[in-house]
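# Coordinate inspection notes
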Amino acid sequence: MLDKLDGRQIATVWAVAQARNISQAAEQLGYVQSTVTSHVQSVEKIVGHALFHRLPRGVELTEAGAIFMKYMERWQQLNSELREELLEGHQLVGEVAISILESFCTTRMPAMLKSIFRKHPGIKLQLIPGFMDDTCHRVLKGECELGIVPCRPQMEGVEFVPLVRERMVWVVSMDMRSQWDKQGWEAFETVRVIGFGPQCAYQTMAFELLQERGLNPIQYSTFHSIEMMKQTIKLGLGMALLPYSAVWEEVEQGDLECLPLREQYLTHGLIWKQGDDLSPAAITIRDILVNRFMMD
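Residues numbered from 1 in each chain as written. Predicted model: local features only at pLDDT ≥ 70, side-chain atom pairs only at ≥ 80, totals over all residues. Heavy atoms only, no water.

### Some remarks on the environment of methionine 229
Here methionine 229 shows up in helix H10 (residues 226–234). Look at methionine 229 and you get buried, because its relative accessible area is 0%. Residues methionine 229 and phenylalanine 196 lie 33 residues apart in sequence; the distance between their C-alpha atoms is 8.8 Å. Excluding its chain neighbours within four sequence positions, the residues that come into contact with methionine 229 are Ile194, Gly195, Phe196, Phe223, Ala240 and Leu242. (Helix = DSSP H or I, 4+ residues; strand = E, 2+ residues; numbered from the N terminus. Buried < 20%, exposed > 50% of the residue type's maximum accessible area, 1.4 Å probe, protein only. Contact = heavy atoms within 4.5 Å.)

In structure tokens, the structure reads:
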């Protein structure tokens with residue numbers, strides 16, 4: 001049975017299972033909804049069972065679907081263990097450059113870097129801060145073998161694998177949250193929007209959401225450090241749209257607040273140049289990243 005399964009179709013089923021919604025999975029993967037449905041049906045035909053119950057507002061795994069996902073998790077783990085065992089006694093040596101968002105690097109990578117450095121001391125990682133376009137161009141030019149971006153690139157020539165679906169939240173100070181509770185969006189007609197600049201997907205999404213509310217802020221500040229942004233917001237000098245993973249500690253401690261609005265998401269993913277032969281070190285890092293986040 002496994003020999004008949006296609007990797008892209010498995011990734012699609014995985015995305016549907018995580019999102020519990022076919023349209024959301026399609027958005028994450030950059031497919032039209034019919035492609036996602038086709039992938040799921042192809043896998044269901046191979047395994048001989050329906051994997052999902054179709055519900056009015058989404059899907060949920062059938063009993064067979066839950067069994068299938070359990071074995072896919074084991075398959076991912078075995079794949080990782082096999083690679084590590086084959087490499088045992090044959091230490092990988094090489095340098096891998098990754099262009100990556102600073103916010104993703106500081107919140108998602110530290111524990112993983114510790115594991116990589118311990119298991120693969122011969123691999124030298126070069127982490128280069130970069131926004132969406134920067135990262136795509138570096139990968140296409142061969143300046144970086146890998147990149148991590150906040151959504152599927154709308155350009156040809158790059159492979160994209162979704163890693164993690166980030167919940168985006170409006171972050172404000174305690175006082176600004178009190179103002180919003182009393183006046184709603186009217187309290188923010190002249191608010192300063194803080195972000196990484198117009199090249200950042202977070203800020204682009206922030207302005208689109210504000211425009212939907214009829215707001216067109218004329219004040220904005222650009223910082224290159226998420227820590228500077230958080231400290232500025234604490235002082236009540238502006239608001240920002242950020243991944244919840246980047247601010248959850250401050251929110252839990254009561255230093256920052258999130259506005260109670262409809263949840264918004266961006267799917268961060270891994271990219272590399274299409275048709276490019278990655279180095280053994282880059283393949284190892286790629287597989288570690290994909291396996292780590294697929295197990296979340």
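### Details of the environment of asparagine 291
Along the polypeptide, asparagine 291 turns up in helix H12 (residues 280–294). For the pair asparagine 291 and lysine 124, spaced 167 residues apart in sequence, the C-alpha to C-alpha distance is 20 Å.

### Quick word on the pairing of strand E3 (residues 94–100)
When you tally the buried positions in E3, you get five out of seven residues, the bulk of the element. One ladder, built from seven bridges, connects E3 with strand E4 (residues 123–129); its direction is parallel. Within E4, the residue paired with glutamate 95 across the bridge is lysine 124. In the sheet, E3 pairs with strand E5 (residues 146–149) via three bridges, with the strands oriented parallel. Counterpart to serine 99 in the pairing with E5 is glycine 147. (Pairing = 2+ DSSP bridges.)

### Overview of unusual backbone geometry
The backbone of arginine 20 sits at a positive phi, close to 55°, despite the residue not being glycine. Relative to the helices and strands, arginine 20 is located in the loop between helix H1 (7–19) and helix H2 (22–29). Arginine 20 gets classed as exposed once you look at its relative accessible area, which sits at 60%.

### Focus on helix H9 (residues 201–212)
End to end, H9 covers 17 Å across twelve residues, agreeing with the expected 16 Å (1.5 Å per residue, within 8%). Every buried residue of H9 is listed here: Tyr202, Gln203, Met205, Ala206, Phe207, Leu209 and Leu210. On the buried face of H9, the contacting elements are helix H5 (102–108), strand E6 (158–172), strand E7 (192–195), strand E8 (219–222), strand E9 (240–243) and strand E11 (264–273). Of the residues one or two after H9, glycine 214 is the one with positive phi, at around 80°. (Expected span 1.5 Å × (residues − 1).)

### Remarks on the nonpolar core
Val96, Trp170, Trp185, Phe188, Met239, Leu242 and Ile285 are the most contacted members of the largest nonpolar core, which totals 63 residues. At seven residues, E6 tops the list of elements feeding residues into this core. Among all residues touching valine 96, those that are not within four sequence positions of it are Ile123, Lys124, Leu125, Gln126, Glu145, Leu146, Ala281, Ala282 and Ile285. (Core = buried A, V, L, I, M, F, W, Y, C linked by side-chain atoms within 4.5 Å.)

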